[in-house]
Amino acid sequence: MTILVIAEHDQNALKRATYHTVTAAASMSSDVDLLVFNPQVSTEAAKISGIKHVLVVDEKNYAHQLAENVAPLVSELAKQYTHVLAPATTFGKNILPRAAALTDMAMISDVIKIISPDTFLRPIYAGNALATVQSHEAIQFLTVRSTGFAAATQNQSATAEIKALDILIPNTLSQFEGEEIHISARPELTAARIIVAGGRGLKSLENFKLLEKLADTLGAALGASRAAVDAGFAPNDYQVGQTGKVVAPDLYIAIGISGAIQHLAGMKDSKVIVAINNDPDAPIFQVADYGLVADLFTSLQELQLELDKR
Ligand SMILES: Cc1cc2nc3c(=O)[nH]c(=O)nc-3n(C[C@H](O)[C@H](O)[C@H](O)COP(=O)(O)OP(=O)(O)OC[C@H]3O[C@@H](n4cnc5c(N)ncnc54)[C@H](O)[C@@H]3O)c2cc1C
C-alpha cells in the first residue's frame, strides 16, 4: 500500500490538520508520501514521523493551492498510490472531491476511524449516527477529521527523502488574484486547547466582544454558533458546527448557546464542556460536563474577576 497525503500549509508552516492526517495514513502503511506546494515547508515536513518521501512542487501555478489547479495534479499523482488522504478542512474538502472525480473514483469524506484499508467509519446525520463504509475502489480518496486521530509527532532524527517534482498541468481558466487574511494573535480554532464560544444569547456585536477578554486570559480561541455569525456578532470563520468547523479542544466553554444538534455536531467530542445558559432546559446541558444556569452577563463578570485574581 502506498499513500499520498496532501499537506495543508501556508507559505511558512504546515497546518496542524496535516499532522492528524499523517497519523491516519501511517496507521495503514509505512509507505506514506506527503505532497507540499512550497519548498519552505519541506524541512518541517521531512521531520514528521511516518513520512517516507516529501514531494515538493515548486510551481507558481500551485503556490496558492487553488483547488482548480491542485486537483488535476493530485489526480495525476494518485495513479501511483492506493490511497490519497487530505484533511477534512475547507482546504481538503475543496480539492479532494474534484481530484477523485477527475480520477473517476468515489471518495469517502470525514473519516474518523480506519477499520481496515478499505473500510472506514464516518459520522452521518450531523453526527447522530456512525456509518461503516467499505469501498472497493482501486484508489481510496479520503478526507480525514482531525478530531479522530492524534497529531503525528515531529522527530528531529527523522529524515524523509525530499523529492522535487517537475510537473505542471496548465490551467488557463482560473488564476489567483489576491487574498484577505484575518490575522489574530489567538490560537487557530481547530488547533486550540481551549475555546470560548458565544451564541445568540450575547445579543449584540458589542456584547460578543466581552468574550475576547475571557479568551485572552485563558489563551483560548474564539468560536461562535451559526446564529451568532448570521447576526453579525462574529466572523464566518468562527462558526463551529455541522456547516462550520469541527473541534475537539480540552475545554469548550459555550456561552449563550442553546445546543442545537447542528452546533453539537461540531463540538460534542470536546474533552470538557462548560455551558452557561439561563434556560435550564437548553439542550447544551445534555452534553455539558459543567453547566451553569445563570445570566451570562453576570457570570462573565464574576468569572473574569476570579480569573484576574490569579
Ligand atoms: C442545515 C443546517 C446547518 C446548520 N449548521 C450550524 C452550524 O454549523 N453551527 C451552528 O451553531 N448552528 C448551525 N445551524 C443552526 C442551528 O440549528 C441553530 O439555529 C443555532 O445553532 C442556534 O444558535 P444559538 O444557540 O446561538 O442560538 P439560540 O438557539 O437562539 O440560543 C441562544 C441561547 O442563549 C440563551 N440565552 C439568552 N439570553 C441569555 C442570557 N442573558 N444568559 C444566558 N443565556 C442566555 C438562551 O436560553 C438560548 O438557549 C444549522 C442549521 C441548519 C438547518
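Thresholds, definitions, all that
Residues numbered from 1 in each chain as written. Predicted model: local features only at pLDDT ≥ 70, side-chain atom pairs only at ≥ 80, totals over all residues. Heavy atoms only, no water. Axes fitted to C-alpha atoms, helices over the stretch in contact; angles between N-to-C directions. Helix = DSSP H or I, 4+ residues; strand = E, 2+ residues; numbered from the N terminus. Parallel < 35°, antiparallel > 145°, perpendicular 65-115°, else oblique. Left-handed = near helix turned anticlockwise from the far one by under 90°. Contact = heavy atoms within 4.5 Å. Nonpolar A, V, L, I, M, F, W, Y, C, P; charged D, E, K, R; others polar. Buried < 20%, exposed > 50% of the residue type's maximum accessible area, 1.4 Å probe, protein only. Near = heavy atom within 4 Å. Polar contact = N/O pair within 3.5 Å; in protein donor to acceptor, adjacent residues only side chain to side chain. Areas by Shrake-Rupley, 256 points an atom, 1.4 Å probe, with all protein chains shown as cover. Core = buried A, V, L, I, M, F, W, Y, C linked by side-chain atoms within 4.5 Å.

1. Topic: the packing of helix H6 (residues 210-218) against helix H10 (residues 296-309)
Between H6 and H10, whose axes approach to 11 Å, the crossing angle comes to 30°. Comparing the axis directions of H6 and H10 gives the class roughly parallel. Note on packing geometry: the crossing formed by H6 with H10 is left-handed. Of the residues in H10, those in contact with Leu210, Leu211, Lys213, Leu214, Thr217 and Leu218 of H6 are Phe297, Leu300, Leu303, Gln304, Leu307 and Asp308. Residue composition of the contact of H6 with H10, by class: eight nonpolar, two polar and two charged.

2. Describing the environment of Ile261
As for its position among the elements, Ile261 is in helix H8 (residues 261-267). In this structure Ile261 comes out as partly exposed when scored by relative accessible area, which is 43%. Excluding residues within four positions of it along the chain, Ile261 makes contact with Ala126 and Asn128.

3. Considering the site of the ligand
Taken together, the neighbourhood of the ligand is formed by 26 residues, with Ser225, Thr243, Ser258, Gln262 and Asn277 sitting nearest. The contact in question runs from an oxygen atom of the ligand to an N or O atom on the backbone of Gly256, over 3.1 Å. Within the contact set of the ligand, an oxygen atom lies 2.7 Å away from a side-chain nitrogen or oxygen of Gln262. Calculation on the ligand without its partners gives an accessible area of 990 Å², and the protein chains cover 76% of this total. Elements represented by at least two residues in the shell around the ligand include exactly helix H7 (226-230), H8 and H10.

4. Observations regarding unusual backbone geometry
For residues that are not glycine, phi is negative in most cases, and the peptide bond is trans in most cases. Phi is positive for Ala126, which is not a glycine, with a value near 55°. When you line up the elements, Ala126 lands in the loop between strand S7 (119-124) and strand S8 (129-134). What makes Ala126 buried here is its relative accessible area of 18%. Non-glycine residue Lys203 carries a positive phi angle of around 75°. Relative to the assigned elements, Lys203 resides in the loop between strand S11 (194-198) and helix H5 (205-208). Given a relative accessible area of 60%, Lys203 falls into the exposed group.

5. Observations concerning the nonpolar core
Leu34, Val36 and Leu85 are the most contacted members of the largest nonpolar core, which has 29 residues in total. Elements supplying a minimum of two residues to this core: strand S1 (3-6), helix H1 (16-26), strand S2 (32-36), helix H2 (42-46), strand S3 (53-56), strand S5 (107-111) and strand S9 (140-144). At four residues, H1 tops the list of elements feeding residues into this core. With sequence-adjacent residues up to four places away left out, Leu85 is seen in contact with Ile3, Leu4, Val5, Ile6, Thr21, Ala24, Ala25, Met28, Leu142 and Val144. Counting residues in hydrophobic clusters, the runner-up holds 26 residues, among them Leu55, Val57, Val74 and Ile95.

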